[in-house]
Amino acid sequence: MMDLKNISITFNAGTPDENRALHDINLTINKGDFITVIGSNGAGKSTLYNLISGTYFPTCGTITLDTETGKKDITHEKEYRRAKYIGRIFQNPLLGTAGKMSLEDNMIIASKKGFKGLSISLNNKMREHFKEQLSILNMGLENRLNDNVEQFSGGQRQALTLLMAVMSRPSLLLLDEHTAALDPKSSDIVMELTDDIVKTKNITTLMITHNLRYAVNYGNRAIMMHEGNSILDLSGEDKKNYSIDDYLKVFNEISIECGN
C-alpha cells in the first residue's frame, strides 16, 4: 500500500554538521502489515516516520501510496494533507488529546477529522456510538463522556488516543514508542489494546519500540534499523522463530563492529 524507493535524507548538507540520516532505504509496506521497527537511538527510526508522515521531505527517492485510482506520488505532499490517511501516535500520552476539553468533545473532533464546517453537533445517536467505541477499551470511559480528559491516567489517555486515531480509518497508522512513557502494567494493557484494535479494524501499522518482548510477540513483520540503514526485515516464519536472544545477538554484533 506504500512504497519507499531509494530514500535518503541528509541534514545540513555541505556543512561541518552534515548528517546523512537515512541511506537508500527501500521499503514496501503491504496492506494489513503490522510492522515493529526496532533499533538503537539514532538509527533513523523517527526520521523514517517523519518522511512517511510528511514532516520532512527526502533528499532523494520517492514515496508512493496506493489509492482507489492507482499509485499516487506523495514524496513532496505536505504533512497536513497526508494526515487525511496517515495517523500518528507519539510517546507522550498528553499529546494526542485535549486535556481541557471533555471526552465527548475530543471524540467528536476525532470523528470529524478534516471537517470544514463552522459547527459540529452532537446528537444522541453519535453519543451512543462513542460509548460503544469506548467500551472496547474496557476502562469505563464510556461512562465519563462529560469529564475533562486531563482527569484520566496516562494509560487511559494513550488508549483513548489510539481509539481516536483509528476512528477516521487511516490507511496507515504510525505508533512512535506509544507505550514507552507508561508504567509496565499500563504499557502492557495499551499494547494488548493496540494489537486487538489493529487486527479488528485491519489497520496497516508501523510501531517503533525499544521493548524487544513486544517486537517478538506482536506484528507479522519486524524491521531493524542501524545508522540510517535497514539491516533486518523479518516476516512469516522467520519473524515467528526470531527470539529476544536473536535480536540481542544482532545488537551485540553491531556494537562490536562499531567498536563499542
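Above this text sits the structure in question.
Residues numbered from 1 in each chain as written. Predicted model: local features only at pLDDT ≥ 70, side-chain atom pairs only at ≥ 80, totals over all residues. Heavy atoms only, no water.

**Side note on the overall build of the chain**
Here is step 1: Per the secondary structure count, the chain includes 9 helices and 10 strands.
Here is step 2: Taking 2.2 N^0.38 as the reference for a compact globule, 260 residues should give roughly 18 Å; the C-alpha atoms of the chain span a radius of gyration of 19 Å, in line with that estimate.
Here is step 3: By principal-axis analysis of the C-alpha atoms, the chain measures approximately 60 × 40 × 35 Å.
Here is step 4: Here the chain holds 260 residues, and 47% of them are scored as buried.
Here is step 5: Considering only residue pairs separated by 6 or more positions, the chain has 68% of its internal contacts joining residues 24 or more positions apart.
Here is step 6: Put simply, the chain shows about 13200 Å² of open surface, and 47% of that area lies on carbon and sulfur atoms.
Here is step 7: Averaged over its 29 positive side-chain charges, the chain has a centre that lies 7 Å from the centre of its 32 negative ones. (Helix = DSSP H or I, 4+ residues; strand = E, 2+ residues; numbered from the N terminus. Rg over C-alpha atoms; globule rule 2.2 N^0.38 Å. Buried < 20%, exposed > 50% of the residue type's maximum accessible area, 1.4 Å probe, protein only. Contact = heavy atoms within 4.5 Å. Areas by Shrake-Rupley, 256 points an atom, 1.4 Å probe, with all protein chains shown as cover. Lys, Arg positive; Asp, Glu negative; His and termini not counted. Charge placed at Lys NZ, Arg CZ, Asp CG, Glu CD.)

**Comments concerning the pattern of salt bridges**
Here is step 1: Following the criterion strictly, the structure yields 13 salt bridges and no others.
Here is step 2: The shortest N-O distance in the salt bridge between Arg144 and Asp147 comes to 2.8 Å.
Here is step 3: You can call Arg144 partly exposed: its relative accessible area is 23%.
Here is step 4: By relative accessible area, Asp147 is classed as partly exposed at 24%.
Here is step 5: One salt-bridge network, held together by shared partners, links Asp3, Asp66 and Lys71. (Salt bridge = Lys/Arg side-chain N within 4 Å of Asp/Glu carboxyl O.)

**Some thoughts on the side chain of Ser102**
Here is step 1: Residue placement: Ser102 occurs in the loop between β6 (86-89) and α3 (103-111).
Here is step 2: Look at Ser102 and you get buried, because its relative accessible area is 10%.
Here is step 3: One polar contact links the side chain of Ser102 to the main-chain amide nitrogen of Asp105, over a distance of 3.1 Å.
Here is step 4: Filtering out sequence-adjacent residues up to four positions away, Ser102 remains in contact with Leu145, Asn146, Asp147, Asn148 and Val149. (Polar contact = N/O pair within 3.5 Å; in protein donor to acceptor, adjacent residues only side chain to side chain.)

**Some details on the packing of helix α5 (residues 154-167) against helix α6 (residues 184-201)**
Here is step 1: For the pair α5 and α6, interaxial distance at closest approach is 9 Å and the crossing angle is 15°. With respect to α6, the element α5 is oriented roughly parallel. For the pair α5 and α6, the crossing hand works out as right-handed. Across from Gly155, Gln158, Ala159, Leu162 and Val166 in α5, the residues of α6 making contact are Ser186, Val190, Leu193, Thr194, Ile197 and Lys201.
Here is step 2: Per-class residue counts for the contact of α5 with α6 are 6 nonpolar, 4 polar and 1 charged. (Axes fitted to C-alpha atoms, helices over the stretch in contact; angles between N-to-C directions. Parallel < 35°, antiparallel > 145°, perpendicular 65-115°, else oblique. Left-handed = near helix turned anticlockwise from the far one by under 90°. Nonpolar A, V, L, I, M, F, W, Y, C, P; charged D, E, K, R; others polar.)

**Some remarks on the nonpolar core**
Here is step 1: If you look at the biggest cluster of nonpolar residues, it comprises 34 residues, and the most contacted ones within it are Leu103, Met107, Phe130, Leu134, Leu137, Leu160 and Leu173.
Here is step 2: Counting only elements with at least two residues in this core, the list comes to α3, α4 (124-135), α5, β7 (172-176) and α6.
Here is step 3: Of all the elements, α5 adds the most residues to this core, at 8 residues.
Here is step 4: Other than its neighbours up to four places away in sequence, Leu173 contacts Gly87, Arg88, Ile89, Leu162, Ala165, Val166, Ile203, Thr204, Thr205 and Leu206.
Here is step 5: Core analysis: the next-biggest nonpolar cluster, separate from the first, contains 28 residues, Met1, Leu48, Leu172 and Leu206 among them. (Core = buried A, V, L, I, M, F, W, Y, C linked by side-chain atoms within 4.5 Å.)

**Some thoughts on helix α1 (residues 45-53)**
For an α-helix, the turn length of 3.6 residues means that residues three or four places apart are oriented alike.
Here is step 1: Of all 9 residues in α1, 8 are buried, a share of seventy percent or more.
Here is step 2: Every buried residue of α1 is listed here: Lys45, Thr47, Leu48, Tyr49, Asn50, Leu51, Ile52 and Ser53.
Here is step 3: One or two positions beyond α1, positive phi appears at Gly54, with a value near 95°.

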